[in-house]
Amino acid sequence: MNIYEQITNFYERTKTDKEIIGKTVFGRSMYALKCGEGRPVGIAQYAMHGREYITAKLAIEHFKRGVTRGSVWIVPLVNPDGALLSEIGLSTAAKPQWEYLLDINGKTDFSLWKANGRGVDLNVNFAARWGKGAKNVFSPSSENYVGENPFSEPESRALQVFTKKIRPDYTVSFHTKGEEIYWRFFQSKLRQKRDKELAEALSSVTGYPLKDAKGSAGGYKDWCVQSLKIPAFTMEVGKDEYTHPLGEEALEDIIKKNIDVLDVLSKAYKK
């Protein structure tokens, strides 16, 4: 069972508040499920980069764990098209797109693919200093292509609309790898103090150090900090010694170190 089938089955069998927040380039569903009730309310999103689909399995464990204060909306697989390209390969794409994708990738092995089904890296497609990132590229690629404009992609637009609708108190994004926490994006000093306190709570529970993502721009975390002015965090899970895409061998340690992240955020958040 591939990762999209696993998440679809999880969504269909789980009884909770839930919704399909959008469709991907290739027409696959983007799911969101709620655990807990009331405020603070968070959004946790996973697998925005195709090759990081292992984080979608962490999302399932987070839902099972739940939160003891407030609620969290879990978006377990933001980029199913990219995840399936990485996990299985070109056969999971729409056949008319095969030549286009092969030309972008330059090879038949798509295991390191990060982008969506159009060759746009979703985590540089948000309106937060868009196109100013140190590694940004400006034509379709397996990674780092910013898109034609901010929110050019159905996946990033869906997450934008959903986030504005939920009006979260905080967001957290799960990526691989390196065991680091990113939390800063040009906040005011007052908001830096607030956000760092939460970041330090995450560091305490995971053992991950706080880092600055120098030269980063256009990410979901960046947009939440800049536009919504809320605390937002990127968790780079998984030991750096593992190679992309991280497989089952990395999952137990990822879950062990991150299982309490959402609950810690929900309890540590102060209005």
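Calculation rules
- Residues numbered from 1 in each chain as written.
- Predicted model: local features only at pLDDT ≥ 70, side-chain atom pairs only at ≥ 80, totals over all residues.
- Heavy atoms only, no water.
- Helix = DSSP H or I, 4+ residues; strand = E, 2+ residues; numbered from the N terminus.
- Contact = heavy atoms within 4.5 Å.
- Polar contact = N/O pair within 3.5 Å; in protein donor to acceptor, adjacent residues only side chain to side chain.
- Phe/Tyr/Trp six-rings, centres within 6.5 Å; stacked < 30°, edge-to-face > 60°.
- Buried < 20%, exposed > 50% of the residue type's maximum accessible area, 1.4 Å probe, protein only.
- Lys NZ or Arg CZ within 6 Å of the ring centre and 35° of its normal.
- Pairing = 2+ DSSP bridges.
- Right-handed = clockwise from strand over helix to strand, strands pointing away.
- Axes fitted to C-alpha atoms, helices over the stretch in contact; angles between N-to-C directions.
- Lys, Arg positive; Asp, Glu negative; His and termini not counted.
- Salt bridge = Lys/Arg side-chain N within 4 Å of Asp/Glu carboxyl O.

### Structural notes on the environment of Asp195
Alright, step 1. Within the secondary structure, Asp195 is located in helix H6 (residues 189-206).
Alright, step 2. Separated by 37 residues in the primary sequence, Asp195 and Ala232 place their C-alpha atoms 7.7 Å from one another.
Alright, step 3. The contact partners of Asp195, leaving out residues within four places of it in the chain, are Trp183, Gln187, Ile230, Pro231 and Phe233.
Alright, step 4. Polar side-chain contacts of Asp195 include one of 3.0 Å to the side chain of Gln187.

### A word on the packing of aromatic side chains
Alright, step 1. All told, the structure shown has 13 aromatic pairs when counted by the stated rule.
Alright, step 2. On the numbers, 5.5 Å between centres and 85° between planes, the contact of Trp73 with Phe162 is edge-to-face. Of this pair, Trp73 sits in strand E4 (residues 71-75) while Phe162 sits in helix H5 (residues 154-166), and the two are 89 residues apart along the sequence. Exposure class is identical for Trp73 and Phe162. Each is buried.
Alright, step 3. The ring of Tyr4 has Arg28 lying over it, and the distance from NZ or CZ to the ring centre is 5.9 Å.
Alright, step 4. The ring centre of Phe186 lies 3.5 Å from the NZ or CZ of Arg129, which sits over that ring.

### Some thoughts on the pairing of strand E3 (residues 41-46)
Alright, step 1. Of all six residues that make up E3, six are buried, and the element is covered over most of its length.
Alright, step 2. Neither face of E3 is exposed, since Val41, Ile43 and Gln45 on one face and Gly42, Ala44 and Tyr46 on the opposite face are all buried.
Alright, step 3. Two strands pair when backbone bridges link them, and E3 and E4 are joined in this way by five bridges, in the parallel orientation. Residue pairing for E4: Gly42 is matched across the bridge by Val72.
Alright, step 4. Tracing the backbone out of E3, into helix H2 (residues 54-65) and back to the parallel element E4 gives a crossover that is right-handed.
Alright, step 5. Bridge count between E3 and strand E5 (residues 170-176): five bridges; the pairing is parallel. Its bridge partner lying in E5, Gly42 is registered against Tyr170.

### Re the sheet that holds strand E1 (residues 18-23)
Alright, step 1. The mixed open sheet is built from eight strands, whose spatial order is E1-E2-E4-E3-E5-E8-E6-E7. Where the open sheet ends on each side, the last strands, each with one partner, are E1 and strand E7 (210-211).
Alright, step 2. Strands E1 and strand E2 (29-36) of the sheet are contacted by helix H1 (residues 3-13), whose axis makes an angle of about 45° with E2.

### Regarding the side chain of Glu236
Alright, step 1. Tracing the chain through its elements places Glu236 in strand E8 (residues 232-237).
Alright, step 2. Although Glu236 is buried, it makes no salt bridge; Lys114 carries the closest opposite charge, 7.5 Å away.
Alright, step 3. Polar side-chain contacts of Glu236 include one of 3.1 Å to the backbone nitrogen of Lys177.
Alright, step 4. If we skip the residues at most four places from it in the chain, Glu236 touches His175, Thr176, Lys177, Gly178, Glu179, Glu180, Tyr182 and Tyr208.

### Overview of the side chain of Glu153
Alright, step 1. Its location among the elements puts Glu153 in the loop between helix H4 (98-105) and H5.
Alright, step 2. A polar contact of 2.4 Å, which involves the side chain of Glu153, links it to the side chain of Arg118.
Alright, step 3. The contacts of Glu153, once residues within four sequence positions are left out, are Val25, Asn116, Arg118, Val120, Leu122 and Asn125.

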